[in-house]
Amino acid sequence: QVQLVESGGGLVQPGGSLRLSCAASGSIFSINVMGWYRQAPGKQREFIAAITSGGTTNYQDSVKGRFTISRDNAKNTVYLQMNSLKPEDTAVYYCNAEVVNTARSTFGSWGQGTQVTVSS
């Protein structure tokens, strides 16, 4: 069993910054891709950014240059540094990971989400 726990959300003014963290724990052998998604009220969940175990990154166009994804493989943790935040970034942010467990099975896992609100 694998758990993902996000932290770091909150209320921030437009132009401000937040750093989200997501730590994976449990029966983990390795983690391939780790990523962040978000879901705003009344909208579908959308991809934000992802990073492979080797450090290759990919971003949604709307966050390029503002958000930076990184990870600490030793801690099974992924981060999302969010700068120049806009009201339209307001959403619940979810962590996702492609996990290989100790039985060598591969599956996707989601965190419970953390609220980010950008408002003056």
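Residues numbered from 1 in each chain as written. Predicted model: local features only at pLDDT ≥ 70, side-chain atom pairs only at ≥ 80, totals over all residues. Heavy atoms only, no water.

Counting 30 residues, the largest nonpolar core has Trp36, Phe67, Ile69, Val78, Leu80, Met82 and Tyr93 as its most contacted members. With five residues, the single largest contributor to this core is strand β9 (residues 91–101). Not counting chain neighbours up to four residues away, the residues in contact with tyrosine 93 comprise Glu6, Leu20, Trp36, Tyr37, Arg38, Phe67, Leu80, Met82, Gly113, Thr114 and Val116. (Core = buried A, V, L, I, M, F, W, Y, C linked by side-chain atoms within 4.5 Å. Buried < 20%, exposed > 50% of the residue type's maximum accessible area, 1.4 Å probe, protein only. Helix = DSSP H or I, 4+ residues; strand = E, 2+ residues; numbered from the N terminus. Contact = heavy atoms within 4.5 Å.)

With the rule as written, the count across this model stands at two aromatic pairs. Plain terms: the ring middles of tyrosine 37 and phenylalanine 47 are 5.6 Å apart, the flat faces sit at 75 degrees to each other, and that makes the pair edge-to-face. With a gap of 10 residues between them, tyrosine 37 in strand β4 (residues 28–39) and phenylalanine 47 in strand β5 (residues 46–51) connect regions that are remote in the sequence. Residue classification places phenylalanine 47 among the partly exposed positions, given a relative accessible area of 25%. Consider the rings of tyrosine 37 and tryptophan 110, whose centres lie 5.0 Å apart with planes at 65 degrees: the pair is edge-to-face. Residue tyrosine 37 is located in strand β4, and its partner tryptophan 110 is located in strand β10 (residues 106–110); the two are separated by 73 residues in the primary sequence. Through a chain of ring-to-ring contacts, the aromatic side chains of Tyr37, Phe47 and Trp110 assemble into a single cluster. Sitting above the plane of the tyrosine 79 ring, arginine 19 keeps its charged end 4.1 Å from the centroid. Directly above the aromatic system of tyrosine 94 lies the positively charged group of arginine 45, at a separation of 3.7 Å from the ring centroid. (Phe/Tyr/Trp six-rings, centres within 6.5 Å; stacked < 30°, edge-to-face > 60°. Lys NZ or Arg CZ within 6 Å of the ring centre and 35° of its normal.)

A word on unusual backbone geometry. Phi angles above zero are rare outside glycine, and asparagine 76 is one such case at about 50 degrees. As for its position among the elements, asparagine 76 is in the loop between β7 (67–72) and β8 (77–82). At arginine 104, a position not held by glycine, the phi torsion is positive, near 70 degrees.

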